[in-house]
Amino acid sequence: MSDIALYHPYVDFRDEAWLKGAVLYWPRIARMLPDTIWSWSDSDRVRQLRDELDCIVDVRLRQRDYGGPLERAEQLFFRFLDRHEEELLPRYGVQRLGIDPIVQDRADTGRLAPRDPRLAPVMPGKLLWSLADRLADSGLLVRLEDMRADGRRQPLPYLCLHRDLATLYLAVLADAVASENRMAMVTDLPVTLATSGGWTTDSMAAVLLDDAAPATFARPEPAQAFAVLALAVAVPKDLRDVPVRRIIKARRKLQPQLLAYRAYLDSLAPALAELSSVPDPAAGTGRRG
């Protein structure tokens, strides 16, 4: 398994306590940064981890990378929309649901965010314009708007989808990026979105549509799923109030042991893959009824 784990769906690390634990387990954490963004302003704590441990990597998304992750994610989403657009609209259509795309300031980062929690922004550079046009035409995508002092609404260069649809799209994109770069995937969202094992239109429908058949849902790759779960149990809890300086010191001191632990998990991959093919969990553990 790669020593680099790809974090998604955001560029910002929304949960810095999670990040503190992640850098104790993974040598490096990557994130997807569009090539339309020259640089990214991190919080002081994230910048300290990045600069002193060299543990955060920016993976650039190139708009003109034909056949690359953006195009592969777009093609899969086009097929998904061709099959399920009419089912998606009543549940995730921003216009159909009457969601106002007005923004509010986020006090913690100073960045803009939708006022309605059902919306989530997607950076334009993480979405090809042909897919954005298709989503906008169907009413699944809108631009954020700001309310000016004179009361007029001003469109902003930020695209928004329903939160659940945005999260799925970014998971599909991350899966394509991770596959191309042979990375593991991590997130502070549900594990199924971190270890998809390869998305299909059926597995996407299983996530978003309650009445979709789950039979072909994308299964996590066993070793990767185990590694993601191990992160939750292998690092100390309640890291929110632990100073970054102590995290840096602990990583430098314990890095050989941490690398040995990850190597041990990697050695379990064949056994995990074999167990994952057993249809009855009781049979996999050797128990008898």
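Residues numbered from 1 in each chain as written. Predicted model: local features only at pLDDT ≥ 70, side-chain atom pairs only at ≥ 80, totals over all residues. Heavy atoms only, no water.

Trainee: I'd love a proper account of the sheet that holds strand β3 (residues 56–61), names of residues and values included.
Mentor: Across the sheet, which stays open at both edges, the 4 strands sit in the order β3-β2-β1-β9 with parallel pairing between neighbours. Here the strands that pair on one side only, and so sit at the sheet edges, are β3 and β9 (184–186). Within this sheet the neighbouring strands show an average axis-to-axis angle of 40°, counted without direction. In terms of strand pairing, strand β1 (residues 4–7) meets β9 through 3 bridges, oriented parallel. Considered in β9, the bridge of Ala5 is made with Ala184. (Pairing = 2+ DSSP bridges. Helix = DSSP H or I, 4+ residues; strand = E, 2+ residues; numbered from the N terminus. Axes fitted to C-alpha atoms, helices over the stretch in contact; angles between N-to-C directions.)

Trainee: Lay out the packing of helix α1 (residues 16–25) against helix α2 (residues 44–53) with the relevant residues and their values.
Mentor: Two numbers describe how α1 lies on α2: the axes approach to 11 Å, and their chain directions differ by 10°. The angle between α1 and α2 falls in the class roughly parallel. Judged by residue contacts, Glu16, Leu19 and Val23 of α1 engage Arg45, Val46 and Leu49 from α2. Residues of the contact of α1 with α2, tallied by class, amount to 4 nonpolar, no polar and 2 charged. (Parallel < 35°, antiparallel > 145°, perpendicular 65-115°, else oblique. Contact = heavy atoms within 4.5 Å. Nonpolar A, V, L, I, M, F, W, Y, C, P; charged D, E, K, R; others polar.)

Trainee: Could you give an account of the sheet that holds strand β7 (residues 141–147), with specific residues and numbers?
Mentor: Either a parallel or an antiparallel arrangement is found when strands of a sheet pair, and the pairing is made through backbone hydrogen bonds. The 3 strands lie next to each other as β6-β8-β7, forming an open sheet whose pairing is antiparallel. At either margin of the open sheet sits one strand with a lone partner, and together these are β6 (119–122) and β7. Averaged over neighbouring strand pairs, the angle between their axes works out to 60° when direction is ignored. Strands in contact with helix α5 (residues 163–181) are β6 and β8 (153–162); relative to β8, the strand with the most contacts, it is inclined by about 70°.

Trainee: Before we move on, could you go through helix α6 (residues 201–208) and cite the residues and values that matter?
Mentor: When α6 is considered as a whole, its buried residues turn out to be Thr201, Ser203, Met204, Ala205 and Leu208. Those residues of α6 that are buried lie in contact with α3 (69–92) and α5. (Buried < 20%, exposed > 50% of the residue type's maximum accessible area, 1.4 Å probe, protein only.)

Trainee: How would you summarise the pattern of salt bridges if you had to cite specific residues and measurements?
Mentor: Considering all chains together, one arrives at 21 salt bridges under this definition. Two residues, Arg47 and Asp44, come together in a salt bridge whose shortest N-O distance is 2.8 Å. Taken together, the residues span about one helical turn, with Arg47 and Asp44 both in helix α2 at a distance of 3 residues. Arg134 is the salt-bridge partner of Glu85, the closest N and O atoms lying 3.0 Å from each other. Placement of the pair is Glu85 in helix α3 and Arg134 in helix α4 (residues 129–138), with a sequence separation of 49 residues. The partly exposed category is assigned to Arg134, whose relative accessible area is 22%. Among the charged side chains, a network of salt bridges with common partners joins Arg31, Asp42, Arg50, Asp51 and Asp58. (Salt bridge = Lys/Arg side-chain N within 4 Å of Asp/Glu carboxyl O.)

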